[in-house]
Amino acid sequence: MKHIQAAVRIHHALISLAILLLASMAPALAATTRSATAVTPSTVAATPSTRQPRLAVVRRYGFDLKMGHNVITVRWLAPDILRIHYLPNAHANPRTLVLRRGNLGIYPPQGVRDNATELVQTSPEMRVIWNKASSQLSVTTAAGRHLLSMDNLATLAGGTTQFSIDPDDSLYGIGGYQNTNPSEAGMLRRGTWLAKAGKQGYSGAPWVWSTAGYGLLFDTLGARFELNSGSIRVSNFSRKDIDIFILTGNPYHLFSALAGLSGHPPMYPKWAMGFMNSQWGINEKELLQIVDTYRAKHIPIDNFILDFDWKAWGQNHYGEFRWNTKKFPDGPSGRLKAILDKQGMHLSGIEKPRIHVNTIEGHYASEHDFWFPGEKPEKDYFSHKLVEDLDFDKPAVRQWFFNPVLRKSFVTGIVGWWNDEADNTPDDTQFMNMERSEYDGQRRFFKQRVWSLNRDFYLGAQRYAYGLWSGDINTGFASMAAQRERLLSAINVGEMRWGMDGGGFRGHPTPQNYARWIEFDAFVPIFRVHGTHNQHRQPWVYGPIAEKAATHAIRLRYRLLPYIYSYQWQLHTTGIGIVRPLIFAFPDDPNVRNTISSWMFGHWLLVSPIVKPDATQKRVYLPAGTWTDYFSGKVYHGGQTITLAVDSKTWMDIPLFIRQGAIIPTQPVLQYVGQHPITTVTVDVFPATQRSRFDYYDDQGNTYAYEHGDYFLQTISTQRRGPTVQFDLGAVQGRYKPALRDYLVKIHGLAAHAIRSANGKLTFYQGLDALRKAPGEGWASGHDRYGAVTYLKLAAGKPCRISLSGG
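Residues numbered from 1 in each chain as written. Predicted model: local features only at pLDDT ≥ 70, side-chain atom pairs only at ≥ 80, totals over all residues. Heavy atoms only, no water.

Overview of the sheet that holds strand β31 (residues 599–601)
The following threshold applies: Strands were regarded as paired on the criterion that DSSP finds at least two bridges between them. Only DSSP runs of H or I reaching four residues or more are called helices, and only runs of E reaching two or more are called strands; each is numbered from the N terminus. Interaxial angles span 0 to 180 degrees and are taken between N-to-C directions of axes, which are lines fitted to C-alpha atoms, for helices over the stretch in contact.
Across the sheet, which stays open at both edges, the six strands sit in the order β30-β31-β32-β37-β34-β35 with antiparallel pairing between neighbours. Strand pairing shows two members of the sheet lacking a second neighbour, β30 (579–581) and β35 (635–637), which therefore form its edges. Averaged over neighbouring strand pairs, the angle between their axes works out to 35° when direction is ignored. Of the strand pairs in this sheet, strand β34 (residues 626–629) and strand β37 (residues 656–659) are connected by three bridges, and their pairing is antiparallel. Residue pairing in the sheet places W627 in a bridge with R659 of β37.

Focus on the pairing of strand β3 (residues 70–78)
Note the cut-off: Relative accessibility decides the category of a residue: with a 1.4 Å probe and only protein chains considered, values under 20% of the type maximum give buried, values over 50% give exposed, and everything between is partly exposed.
Of all nine residues making up β3, eight are buried, and the element is well covered by its neighbours. The hairpin formed by strand β2 (residues 62–67) and β3 contains two residues between the paired strands, and G68 there has a positive phi angle of roughly 65°. Across seven bridges, β3 lies against strand β4 (residues 81–87) in antiparallel orientation. In the strand pairing of β4, A78 is matched with I81. Remark: two residues form the turn of the hairpin made by β3 and β4, two consecutive strands paired antiparallel.

Quick notes on the pairing of β37
Side chains of β37 alternate between two faces, with L656 and I658 and F657 and R659 buried alike. Judged from the three bridges that link them, strand β32 (residues 605–607) and β37 form a sheet pairing that is antiparallel. Along β37, the bridge assignment pairs V607 with L656.

A look at the packing of aromatic side chains
The condition is simple: Any pair of Phe, Tyr and Trp rings, taking the six-membered ring for Trp, is counted once the centres come within 6.5 Å. Such a pair is stacked with planes under 30 degrees apart, edge-to-face with planes over 60 apart, and tilted for the rest. Two conditions define a charge sitting above a ring: the NZ of Lys or the CZ of Arg must be within 6 Å of the ring centre, and it must be within 35 degrees of the ring normal.
Summed over the entire model, instances satisfying the criterion amount to 58 aromatic pairs. Pairing Y318 with F321 gives two aromatic rings, centres 5.8 Å apart and planes at 45°, and the pair type is tilted. Judged by relative accessible area, which is 0%, F321 ranks as buried. Within the aromatic cluster, the residues linked to one another by ring pairs are Y318, F321, Y364, F370, F392, W400 and F401. The side chain of R528 reaches across the aromatic face of W418, ending 5.2 Å from its centre.

Side note on the confidence of the model for the chain
Quick reminder of the rule: The pLDDT value expresses, per residue, how confident the predictor is, ranging between 0 and 100. The contact definition used throughout considers only heavy atoms, calling two residues in contact when any of these lie within 4.5 Å.
Across the chain, the average pLDDT comes to 94, with 94% of residues at 70 or higher. Across residues 1–33 the pLDDT falls below 50, and counting only partners more than four positions away or on other chains, this stretch makes 40 contacts in the model. In the model, residues 42–50 has pLDDT below 50 throughout and makes five contacts with residues more than four positions away in sequence or in other chains.

What to know about the pattern of salt bridges
The condition is simple: Each reported salt bridge corresponds to a side-chain nitrogen of Lys or Arg within 4 Å of a carboxyl oxygen of Asp or Glu.
This model, assessed by the stated rule, comprises 34 salt bridges. The partner of D64 in a salt bridge is R59, and the shortest N-O contact between them spans 2.7 Å. Take D64: its relative accessible area is 8%, and that puts it in the buried class. Measuring nitrogen to oxygen at the nearest pair gives 2.5 Å for the salt bridge that ties D728 to R691. Residue D728 is located in strand β42 (residues 724–729), and its partner R691 is located in the loop between β39 (680–685) and β40 (692–699); the two are separated by 37 residues in the primary sequence. Since its relative accessible area comes to 41%, R691 is described here as partly exposed. Salt bridges sharing partners connect three or more residues here, namely K352, R354, D380, D420, E421, D423, R455 and D472.

Here we look at unusual backbone geometry
Located in the positive-phi region is I174, a residue other than glycine, with phi close to 70°. On the secondary structure map, I174 appears in strand β11 (residues 171–175). The backbone of H384 shows a phi angle near 60°, a positive value even though the residue is not glycine.

Considerations on helix α8 (residues 404–411)
To keep things clear, this is the line we draw: Directions pointing from the helix axis toward each C-beta atom define the arc. Whenever two N or O atoms come within 3.5 Å, that pair is a polar contact, provided that in protein one can donate a hydrogen and the other can accept it, and provided that, for residues adjacent in sequence, both atoms are side-chain atoms.
L406, R407, S409 and F410 are the residues of α8 that are buried. Buried residues of α8 fall within an arc of 155° about the axis and therefore sit on the same side. With a side-chain oxygen lying 3.1 Å from the backbone nitrogen of V405, the N-terminal cap of α8 falls on N403.

So, the sheet that holds strand β22 (residues 378–379)
Hydrogen bonds between backbone groups are what pair the strands of a sheet, and the pairing can be parallel or antiparallel. Reading across the sheet, the three strands line up as β21-β23-β22 and stay open at both edges, with antiparallel pairing between neighbours. The outermost strands of the open sheet, each flanked by one partner alone, are β21 (354–356) and β22. By the bridge criterion, two bridges tie β22 to strand β23 (residues 386–389) in an arrangement that is antiparallel. Counterpart to E378 in the pairing with β23 is V387.

What to know about the environment of R593
Structurally, the position occupied by R593 is in the loop between α14 (582–585) and β31. Those residues within four positions of R593 in sequence are excluded, and the remaining contacts are S170, Y172, M187, L188 and I583. Among the polar contacts listed, one links the side chain of R593 to the side chain of S170, at a separation of 3.0 Å.

Concerning helix α13 (residues 561–574)
Convention followed: What a helix should span is 1.5 Å times the count of its residues minus one.
With 14 residues, α13 extends 19 Å between its outermost C-alpha atoms, agreeing within 8% with the 20 Å of an ideal straight helix rising 1.5 Å per residue. The element α13 is extensively covered by neighbouring structure, given that twelve of its 14 residues are classed as buried.

Section: the side chain of S278
Turning to its location among the elements, S278 is positioned in strand β18 (residues 275–279). Side chain to side chain, S278 and R528 meet in a polar contact 2.9 Å long. Filtering out sequence-adjacent residues up to four positions away, S278 remains in contact with I305, R528, V529 and H530.

Details of the environment of L713
Within the element layout of this structure, L713 appears in strand β41 (residues 711–721). For L713, a relative accessible area of 8% translates into the label buried. With 18 residues separating them along the chain, L713 and D695 place their C-alpha atoms 6.5 Å apart. Excluding residues within four positions of it along the chain, L713 makes contact with W569, D695, Y696, Y697, A731, V732 and Q733.

Details of the nonpolar core
Burial of nonpolar side chains together is a common tendency in soluble globular proteins. Threshold: Here, the term nonpolar core denotes a set of buried Ala, Val, Leu, Ile, Met, Phe, Trp, Tyr and Cys residues that are joined through side-chain atoms within 4.5 Å.
Counting 239 residues, the largest nonpolar core has I232, L390, F523, F727, Y743, L792 and L804 as its most contacted members. Ignoring any residue separated from it by four or fewer positions in sequence, one finds I232 in contact with T161, Q162, F163, I165, L171, V208, Y214, L216, E226 and L227. Among the nonpolar cores identified, the runner-up in size contains six residues, and L744, L768, V789 and Y791 belong to it.

Description of the packing of helix α11 (residues 511–521) against helix α12 (residues 543–559)
Here is the rule: Orientation is classified from the angle alone, with under 35 degrees giving roughly parallel, over 145 giving roughly antiparallel, 65 to 115 giving roughly perpendicular, and any other angle giving oblique. The classification used treats Ala, Val, Leu, Ile, Met, Phe, Trp, Tyr, Cys and Pro as nonpolar, Asp, Glu, Lys and Arg as charged, and all other residues, Gly among them, as polar.
Relative to each other, α11 and α12 sit at 5°, their axes nearing to 9 Å. Taken together, α11 and α12 sit at an angle that is classed as roughly parallel. Packed against α11, whose contacting residues are P511, Y514, A515, I518, E519 and D521, the element α12 presents A546, A549, A550, A553, I554 and R557 at the interface. In the contact of α11 with α12, the residues fall into nine nonpolar, no polar and three charged.

Some thoughts on the side chain of T141
Inspection of the secondary structure assignment puts T141 in strand β8 (residues 136–141). Residues contacting T141, with those up to four places away along its chain left out, are E125, M126, R127 and L147.

What follows is the structure, encoded as structure tokens:
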């Protein structure tokens, strides 16, 4: 059946390409998928007089339209989500993997007006208008501002749909960039784009959105988007019953709603917030030497990722899944794991979607029809033996892949999955389902959280603890700079966990390139270095200047771990990760509509890495508000571009700015996550006139107990009112009891002369050192690089309200 589908897809792809060349002469590639045959747009236009849909039934949760035997259901799923489902012959097909399982929601609109000319349904977030005369469906904000309209729903019968939008709307999403493809378009999307998983770092989703306040999601594996001034046209769906979701709101609302439809990412293990070193070409002796050097030099690291070397690749008896005893003699026994456990080091291992044909496991795959259809065995570039790809779309393959041999490797130390080269097939779900196999298998047999890294992305994969890296990229400043739009484009399609081969995969970076790359890498979700065969990416390889700069950046990352890990919780609960394009926070600022040089790291930090060689200055645009240089304390007013002096000699500087209103928890730098219990967390607070908050989160760090309430969550909030500042700790949620005893709060910009606490009097101490040593709560005042500061030592986990009066 899949061979027939493949032939049909080729036929449809050729038709679509011919139509496209005749219409616009613009190049495009046909979207491919094996999960369903693409529905190509009809070349015959619908006849409005006979085929336009008409209102059939008004229901409590929406309404139905009819076109002959075909039905279009319009349903409210939430105040900000509308579903439009075209059902040929009133028939619905199964959902694709884009959508999560279960009920997607249902919502009764709060206002309904039905008269001779139109049907209007409203919620607090949007208004839906069906024009009975023109058969036009329009969506506006609750206040009446036009967002988009569908002027001719009859085209759904031909496999296409079109939306009218404002010509000035900025559009984002759909896809990212392959590793070496041109990426000058940045984040903005115009022209023809294909929703696909792609290969070599590509990120894709049938999802397009705008800072004007709307997003469009389609449940399809593959689609073609034509984005022109004032219109969005979508075709080449994988389902005949076209399923459309209209989302409204600001970017935060859009992506939260998107996660509600497609699924929320589970939590990564806490150690995955730290630094990771991948290497191809290594054995047990060298691994232990490298780990010893990291520890001796006090360079924090949590995860070492092994390439082909770790496994008995090419050997019979499940060599793809077990330790290579020549290179890692203490792997199978668990002795190597025990040694590394004492040093706080985790191991992850590469996994491939192919196995060797002439082996026991290969024969089993042949007997059970596990092979990817249409492929023939070919020589593996590493083992030089015949291999073939497995078909991970088959449930039986997914269940078999996490077999007892691989489970033993997990028990003896391989606790993370680096999945590679599953993007060599024309299948949008092959990579997703490969990681799904590992995720489901690990959750079935073990309590530890899943961590994975993969080389392409299609929306829906995030449900399986799925991280993306940008493929086999080159070294050099140009390649490094081009990672910025890849990072932000991945975020814009819903893949919030992104990383890259820090230092570049191909080639050997210069010391300056390496140092600047590590500084960039410290502010992406997955902090990792890697190089090609026999390349080393340890900081000390690049000389003392680069080592010092890189170490500084790594230690800064570890100081920020409480801040970073709290955003892991936000990612899990809201679908929004720690890296946010500036358009998320400032959607109405035209200056950031395609800004790739800077991004928000969480809600309160703006970072703008240095990506040019020998730079002596850097221009940084700061959006509206007040911004403070993280390192110098210099204050800038937003809405302007500033010029910073750049250290071209020691490469120690990172352009990093604190947004006014910030609440930033930090901790002492550890050599690895969990090295010591954290009993005090420092909280830097920069009060603004608008109330701001931060949800401080912690848990056990490596199991799924958080899904059952075993976590610690406390809201920290603040607000400035003239000469006074209010600071609050909210009630604790969750039952986890961390080692944390107190917060050391630094209220910046205020030297308080009096403090009132709802919990009773706080003792005043002469200076920060005395306050630190105090047995209980208290306060002090002083100065630091940010100016005047008031220090509070407060019990963690206890609600309080404090008013600070300045001079």
